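Remarks on the overall topology
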Amino acid sequence: MVWDSPAPAREDAVLDQTRELEKFLAEVERRAFRMAQIALRDPDDALDVVQDAMLKLARNYSAKPSAEWRPLFYRILENGIRDLQRRRSVRKRFMVWLPSAKEDPDNEAQDPLDNVAAAGPDAPEILMQSQAMEQLETSLRGLPARQREAFMLRNFEGLDVAETAKAMGCSEGSVKTHYSRAVHSLREQLGEVWQ
Amino acid sequence: MNEQSRDGLEERSRTLFKDSVDNVDMRVRSRLTQARHAALEAASASRRRPWLLRASIWTPAAGVTAAAVLGVALWFGSPLGHHVMTASDNPTAFEDLDIVASSDDGSGDAMDMLQDDVDFYDWANKAGNPEPAA
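Residues numbered from 1 in each chain as written. Chains lettered and ligands numbered in written order. Predicted model: local features only at pLDDT ≥ 70, side-chain atom pairs only at ≥ 80, totals over all residues. Heavy atoms only, no water.

As a further point, take the overall build of chain A. Helix and strand counts for chain A stand at seven helices and zero strands. Walking chain A from its N terminus toward its C terminus, one meets helices and strands in the order α-α-α-α-α-α-α. Relative to its 195 residues, chain A shows a buried fraction of 37%. Considering only contacts within chain A whose residues lie at least 6 apart along the sequence, 63% involve residues at least 24 apart. Element-wise, carbon and sulfur atoms account for 52% of the exposed surface of chain A, whose accessible area totals about 11,300 Å². (Helix = DSSP H or I, 4+ residues; strand = E, 2+ residues; numbered from the N terminus. Buried < 20%, exposed > 50% of the residue type's maximum accessible area, 1.4 Å probe, protein only. Contact = heavy atoms within 4.5 Å. Areas by Shrake-Rupley, 256 points an atom, 1.4 Å probe, with all protein chains shown as cover.)

If you want it as structure tokens, here you go:
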């Protein structure tokens, strides 16, 4: 009896699952990257966090039903973002005590002009959009972490309340509260600019 | 705040976010593709591994074992785990104790040694300070 050779039916199932996982990751990766970038500011840090989340999901949860992947993936991602922010804040506190401590150039806010596409026929429109996005990002960064998470998962990623609760590891009631407060704060900050 | 303006904010922010996702540059796209392939490779490697060697199986088992070992160590290290030592537990230790205790009987030996020292110091003193000839 050969123990190592899986049955053809099982092989097909594994292939299907791999294809489905690839489709899922390809679908979420860029949105996940942008959400991480909004929270962390730094594109390289955002890439690292997304890559880590993909690896963890694939290694530990790929055998789970695909319907569970989205909340699981965003939970891993949000944990990664929080860990990195915590590490940064510890490092910042430590650097204050060093006499020769200088600001890490990697942590500097990104120049909004970096995101502006090359001048073309629609340059003014693109510039306006870019500025509006920059304002939105600044306002989102100003929100408490849980409110920002609720807003991005519900509004950007399109998760429903139950999925958002799963991704955030809290109750559905908390998600509703965080989301409503986030919208209220954003409305207060962006309302006048966006009218 | 009315419902309509809230919807407008949500709608506009969603559109802006979608545009920003569409405009992610090629360098980032390429790195995301590499990350995806690495994740898929990790998933198939994890599936190929025999189930007995998977970390997800052994992590809880290792935790339970470590807790059991710690429990046993704490039990024997605590006063509750101590018991009265008898001669049969460690005969050598009791022999050592015998030797130490025997000094009560041989205390005269110690006094003899002390007497030897006094004689020596007396001789050394005399040798160092010879008496003047009368």
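Turning our attention to the confidence of the model for chain B. Confidence along chain B averages 73 in pLDDT terms, with 55% of residues attaining 70 or more. Mean pLDDT values over the elements of chain B span from 56, in helix α4 (residues 91–101) of chain B, up to 90, in helix α2 (residues 26–48) of chain B. (pLDDT = per-residue confidence, 0-100.)

What follows deals with the interface of chain A and chain B. Residue-level contacts link 39 residues of chain A with 31 residues of chain B. Interface of chain A and chain B: buried area, both sides summed, is about 3,400 Å²; carbon and sulfur atoms make up 67% of it. Along the contact surface separating chain A from chain B lie five salt bridges. Here Asp 48 of chain A makes a salt bridge to Arg 31 of chain B, at a shortest N to O gap of 3.7 Å. The tally of links from chain A across to chain B stands at seven residue pairs in polar contact (both at pLDDT 80 or more). Taken together, the elements giving at least two residues each to the side of chain A that touches chain B come down to α1 (8–40), α2 (43–61), α4 (123–142), α5 (145–156) and α7 (172–194) of chain A. Counting residues per element, the side of chain A that touches chain B draws most heavily on α1 of chain A, which supplies 14 residues. Residue composition of the side of chain A that touches chain B, grouped by class: 23 nonpolar, seven polar and nine charged. (Buried area = accessible area lost by both parts, 1.4 Å probe. Salt bridge = Lys/Arg side-chain N within 4 Å of Asp/Glu carboxyl O. Polar contact = N/O pair within 3.5 Å; in protein donor to acceptor, adjacent residues only side chain to side chain. Nonpolar A, V, L, I, M, F, W, Y, C, P; charged D, E, K, R; others polar.)

Across all of its chains, the model carries 20 salt bridges over all chains by this definition. Note that Glu 27 of chain A is salt-bridged to Arg 31 of chain A, the shortest N-O span being 3.5 Å. Of the two residues, Glu 27 of chain A and Arg 31 of chain A both sit in helix α1, four residues apart, roughly one turn of that helix. A salt bridge links Lys 126 of chain B to Asp 122 of chain B; the shortest N-O distance between them is 3.4 Å. Within this pair, Lys 126 of chain B and its partner Asp 122 of chain B are both found in helix α5 (residues 107–128), separated by four residues, close to a single helical turn.

On to the nonpolar core. Membership of the largest hydrophobic core comes to 59 residues, with the highest contact counts inside it found for Phe 73, Tyr 74, Leu 140 and Phe 156 of chain A. It is α1 of chain A that provides the largest number of residues to this core, a total of eleven residues. Ignoring any residue separated from it by four or fewer positions in sequence, one finds Phe 156 of chain A in contact with Arg 31, Met 35, Ile 38, Leu 136, Leu 140 and Phe 151 of chain A together with Ser 13, Arg 14 and Phe 17 of chain B. (Core = buried A, V, L, I, M, F, W, Y, C linked by side-chain atoms within 4.5 Å.)

So, about the packing of aromatic side chains. Tallied over the full model, the rule gives six aromatic pairs over all chains. Residues Phe 24 of chain A and Phe 73 of chain A carry aromatic rings whose centres are separated by 6.0 Å and whose planes lie at 90° to one another, so their mutual orientation is edge-to-face. Linking Phe 24 of chain A in helix α1 with Phe 73 of chain A in helix α3 (residues 69–96), this pair joins segments that are 49 residues apart in sequence. Neither Phe 24 of chain A nor Phe 73 of chain A differs from the other in exposure class; each is buried. With a centroid separation of 4.1 Å and 5° between ring planes, the pair formed by Phe 156 of chain A and Phe 17 of chain B is classed as stacked. Separated into two different chains, Phe 156 of chain A in helix α5 and Phe 17 of chain B in helix α1 (residues 3–22) make up a pair that spans both. Overall, Phe 156 of chain A belongs to the buried group, its relative accessible area being 6%. Feature note: the residues Phe 24, Trp 69, Phe 73 and Tyr 74 of chain A constitute an aromatic cluster, connected by ring pairs. (Phe/Tyr/Trp six-rings, centres within 6.5 Å; stacked < 30°, edge-to-face > 60°.)

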